[in-house]
Amino acid sequence: MTTHSNTPAGWYPDPHGAPQTLRYWDGSQWTDHTNADQQAQGAPQVPHQAQQPQQAYAQQPAPAPDQRVQSQVQQQAGVAPSGVGGGTLFTEPVLVVNQKAKLIEVTNEYKVMDQNGNQLGSVTEVGQGVFKKILRFVSSLDQFMTHKLEIRDAHGQPQLLLTRPAKFLKSRVIVSRPDGSPVGEIVQQNMIGKINFAMNVNGQQVGAIKAENWRAWNFAIVDHADNEVARITKTWEGLAKTMFTTADNYVLQIHFQLPEPLLSLVVATALTVDTALKQDSRGLG
């Protein structure tokens, strides 16, 4: 605002747009006044309408929860509603992992949500060439190739990188940060009976993933002392999807806040089970 001496004395709007504030020029200097000051001095009031759009925006109702996801968590997985989390992949007590349904799976893609159906992030396979996609279309030979996945937040920013090197009999998944620094590994321990995976950090086992039946649909996740800290439950995606598509849906329930790097390995585990063990269990191959 102009402040030279020929500016007539009087009240002027705040040039910085401060709500309900006017400035007074007495011929030599500016002074700021709130509505209460202005009313006492007989100054004009700043209309309240200027703030109405902000107030209306703040009062907009939150999106309605996704009833299908709530049913998946509560009825199918048997997980009771839990407290409100922090709204991120690493601060929610329940993560819902739903694979994008496709007739033939050539790229692993998942949506990750909280227990109410709000999207927290996604998982997608990266670095696939045309040759690998053709193999996935016509066979299951791609299980012997390397697979790489990115776990991304709701804004599409990578949070964890998963690499499953080419396997022959047992799977191994390497978990790292986006900058390449290592988090740990998830290593398949056996091939017969109930499948188990070890979670290792710097060569030391910090936890394990234990299948609860020979088909390895549901898993208990335990810490180094064999205490259950989380649970993965596969949910049924419906007869049509089960028979004709490759969609796999899971619910991860984390029983309490976990320390790092165990927390990152547990989150990665919920997205690794399908890639490490069952990605080739259905389809044309």
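Heads up: the structure comes first, above all this text.
Residues numbered from 1 in each chain as written. Predicted model: local features only at pLDDT ≥ 70, side-chain atom pairs only at ≥ 80, totals over all residues. Heavy atoms only, no water.

(A) Structural view of the pairing of strand S12 (residues 204-211). Of the strand pairs in this sheet, strand S11 (residues 196-201) and S12 are connected by six bridges, and their pairing is antiparallel. Looking at S12, one finds that Met-199 is bridged to Gly-207. Where S12 meets strand S13 (residues 219-223), five bridges bridge the pair, whose relative direction is antiparallel. Paired with Lys-210 across the two strands is Ala-220, which belongs to S13. (Pairing = 2+ DSSP bridges. Helix = DSSP H or I, 4+ residues; strand = E, 2+ residues; numbered from the N terminus.)

(B) Layout of a nonpolar patch on the surface. Taken together, the side chains of Leu-169, Met-191 and Ile-192 define a hydrophobic patch exposed on the protein surface, amounting to about 340 Å² of accessible area. Given the relative accessible area of 44%, Met-191 is considered partly exposed. (Patch = residues over 30% accessible without salt bridge, like charges linked within 9 Å, V, L, I, M, F, W, Y side chains within 5 Å. Areas by Shrake-Rupley, 256 points an atom, 1.4 Å probe, with all protein chains shown as cover. Salt bridge = Lys/Arg side-chain N within 4 Å of Asp/Glu carboxyl O. Buried < 20%, exposed > 50% of the residue type's maximum accessible area, 1.4 Å probe, protein only.)

(C) Up close: the sheet that holds strand S15 (residues 249-254). With respect to topology, 12 strands assemble into a closed barrel ordered S4-S5-S6-S7-S8-S9-S10-S11-S12-S13-S14-S15, the strand pairing being antiparallel. Each strand of the sheet is rotated relative to its neighbour by a mean of 20°, with strand direction disregarded. Alignment of strand S8 (residues 158-164) against strand S9 (residues 172-176), held across three bridges, turns out to be antiparallel. Across the sheet, Leu-161 pairs through a bridge with Ser-176, a residue of S9. The strands touched by helix H3 (residues 67-76) are strand S4 (94-99), strand S5 (109-113), strand S14 (228-235) and S15; relative to S4, the strand with the most contacts, the crossing angle is about 115°. (Axes fitted to C-alpha atoms, helices over the stretch in contact; angles between N-to-C directions. Contact = heavy atoms within 4.5 Å.)

(D) Local environment of the pattern of salt bridges. The final tally for this structure, using the stated rule, is six salt bridges. Here Glu-150 and Arg-152 are joined by a salt bridge, their closest N and O atoms 2.8 Å apart. Accessibility expressed as a relative area gives 18% for Glu-150, which makes it buried. Given the relative accessible area of 23%, Arg-152 is considered partly exposed. Of the charged contacts, one joins Asp-226 and Lys-210 as a salt bridge, the two residues approaching to 2.6 Å between their closest N and O atoms. Of this pair, Asp-226 sits in the loop between S13 and S14 while Lys-210 is found in strand S12, placing the two residues 16 residues apart along the sequence.

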